[in-house]
Amino acid sequence: MRTTYGILFCLSLLLSACASPGLQGSSPLPESRSSAAASTPLPPSPAPSPTFTATPTPTPTRTPTPTPDVVSQLRQSLTEVTSSKYWPAMNLSAKRKAAWEAFAAGEAPLPPAEQPLLTDFLSQWDEHTSRLADGVLPNDAQPALRLAALQDQGTERLVLYLIDEKSTQQSGAESLFLTIRPAASLPAYILAPQIPGLSQRISPDGRFVEYVDSSGAWVLKADARRLDPKVGSDSITNYLLDREYPAGPNTMQHVYPRFRFAIPNIESAFYAVDRLSLQQITLLHTTLEIFDHPELQGLKPLIFSPSDNTTSLVSRLPETLAAAQAIGYSDRPPRGVIVLYARNLFDNRYLTAASIAHEAAHIWQGVQPRCDKLDERRVNEIGHSTIPPGFEAWTPQELYLGITRQQIGAYHVSLWVLRKLGVDDWASAEERIILTGHFNGVSVYACAP
């Protein structure tokens, strides 16, 4: 279990303690520790900015004339669609709907420009209708298919998506379903949670529900994740989310909304964001934007990887000290969960950014040593109680290697972030913790009694 990085009066964000009592005794986490080898490979550096060159204007290509076999297949497939219960409410434009129905009935040819649009539409239709057979949550929902006509660099695309007519009529705004991934068992969709102040729309690729502000810009995008409690990091996330979401007839065990922020290169998943107010979501967004600081950008791919190896979870459960907590599962590759406690999360966004980096370092370390392994716990938190010469000039990759080679501890990473951000008074407090191992006379690596 990971140490917390707390907020206690003016310096409490910088205090580590042992695992939250709510996880002790009932936690499914393993207690053994995976040691990091000195030969840990250097993590990949962020990709360099591409060099843009002038691209010649492409020569327009002719839309191929469909063969009789293709025409017959398209007509047959479209006939099945137009006889579906979902077709009458389909919001195609009147002109296109009439043209497609006439084509399906054999009364008119298909305009050549419509063939790729129809082919793509039919593929999406097959995917949605086949998944709809697996059902939706809540059980009393009224699923219906809708279409968004989008422009992508001047090219039209029709994107099919699923709404709940019942809640849409009640709220006066479209209420979309989230696709559950992976599609291993029933159901296939859950209703996207409402976030007051944000509206919903389908993403251009059709894979996500976007949460949009009043200016029309998307703030979050979401799908749903079916967690596997038999898999280590999934079991941790599932255990923690079970405490956040009340069980009921309209929920499904192990299935939760999964969110991503509209911030470049912050691609890791965040859970339980829908439990926050819009103001708190905005504050968390601005906190994450701190990692756009030029000297911190190299940390982004190390902390916020696009895989599900490392995820973040926002908790509204009472927590006296912690702004964040990390629970590591393995170090090869680094896997684990960073818990962000909403009660203390927004006191100071610079300290919160340092806290997130601190907890990410614990994920890089792997499983936390047991409480009786004090020497190992001390190394994980403060290294060898020294600050290496030239430490502040280290690169993010050198920080990562220093952690995995057990040369430095998690407090060194938060110290480095605070120095880069120019928060020198807080950084000085970090230095004292590293050199002494204590904060206000309390050990930062011993388990709380």
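Structure: see above.
Residues numbered from 1 in each chain as written. Predicted model: local features only at pLDDT ≥ 70, side-chain atom pairs only at ≥ 80, totals over all residues. Heavy atoms only, no water.

Caption draft 1: Broad picture of the side chain of Thr-287. Tracing the backbone shows Thr-287 in helix α6 (residues 278-288). Since its relative accessible area comes to 3%, Thr-287 is described here as buried. One polar contact links the side chain of Thr-287 to the main-chain carbonyl oxygen of Leu-283, over a distance of 2.9 Å. When neighbours within four sequence positions are excluded, Thr-287 is seen to be in contact with Arg-349, Thr-352 and Ala-353. (Helix = DSSP H or I, 4+ residues; strand = E, 2+ residues; numbered from the N terminus. Buried < 20%, exposed > 50% of the residue type's maximum accessible area, 1.4 Å probe, protein only. Polar contact = N/O pair within 3.5 Å; in protein donor to acceptor, adjacent residues only side chain to side chain. Contact = heavy atoms within 4.5 Å.)

Caption draft 2: Representation of the state of the cysteines. Applying the stated criterion across every chain, the model contains one disulfide. Between the sulfur of Cys-371 and that of Cys-447 lies a disulfide, 1.9 Å long from S to S. With the S-S bond torsion at -85°, the cross-link from Cys-371 to Cys-447 turns out left-handed. With a gap of 76 residues between them, Cys-371 in the loop between α9 (349-365) and α10 (374-382) and Cys-447 in the segment after β17 (442-443) connect regions that are remote in the sequence. Note on Cys-371: relative accessible area 41%, which makes it partly exposed. (Disulfide = S-S within 2.5 Å.)

Caption draft 3: Region of the structure containing helix α11 (residues 396-404). The buried fraction of α11 is high, at eight of nine residues. Within α11 the residues assigned to the buried category are Pro-396, Gln-397, Leu-399, Tyr-400, Leu-401, Gly-402, Ile-403 and Thr-404. Turning to α11, the residues buried within the fold contact α7 (300-303), β15 (334-341), α9 and α12 (410-420). Just downstream of α11 lies Gln-406, where phi reads positive at about 60°.

Caption draft 4: Up close: unusual backbone geometry. Of note, the bond from Leu-137 into Pro-138 is cis; its omega dihedral lies within 30 degrees of zero at 5°. Mapped onto the elements of the fold, Pro-138 is located in the loop between β3 (136-137) and β4 (143-152). A cis amide bond links Arg-181 to the next residue, Pro-182, at an omega of -10°. Among the structural elements, Pro-182 can be located in the loop between β6 (177-181) and β7 (189-191). Located in the positive-phi region is Ala-272, a residue other than glycine, with phi close to 65°. As for its placement among the helices and strands, Ala-272 is situated in the loop between β12 (270-271) and α6. Since its relative accessible area comes to 0%, Ala-272 is described here as buried. Even without a glycine there, the phi angle at Ser-385 is positive, about 60°. Mapped onto the elements of the fold, Ser-385 is located in the loop between α10 and α11. What makes Ser-385 partly exposed here is its relative accessible area of 22%.

Caption draft 5: Spotlight on the packing of helix α1 (residues 68-82) against helix α2 (residues 94-104). Close contact between α1 and α2 brings their axes to 8 Å; oriented N to C, the two are set at 115°. One element, α1, and the other, α2, form an angle in the roughly perpendicular class. In this structure, the crossing between α1 and α2 has a hand that is left-handed. For the pair α1 and α2, the contacting residues are Val-71, Leu-74, Arg-75, Leu-78, Thr-79 and Thr-82 in the first and Trp-100, Glu-101, Phe-103 and Ala-104 in the second. Grouping the constituent residues of the contact of α1 with α2 by class yields six nonpolar, two polar and two charged. (Axes fitted to C-alpha atoms, helices over the stretch in contact; angles between N-to-C directions. Parallel < 35°, antiparallel > 145°, perpendicular 65-115°, else oblique. Left-handed = near helix turned anticlockwise from the far one by under 90°. Nonpolar A, V, L, I, M, F, W, Y, C, P; charged D, E, K, R; others polar.)

Caption draft 6: Representation of the packing of α9 against α11 in the model. The interhelical angle for the contact between α9 and α11, taken along N-to-C directions, is 50°, at an axis separation of 9 Å. Put simply, α9 runs oblique to α11. Two packed elements cross with a definite hand, and for α9 against α11 that hand is right-handed. Of the residues in α11, those touching α9 at Ala-361, Trp-364 and Gln-365 are Tyr-400, Ile-403 and Thr-404. Looking at the contact of α9 with α11, its residues break down into four nonpolar, two polar and no charged.

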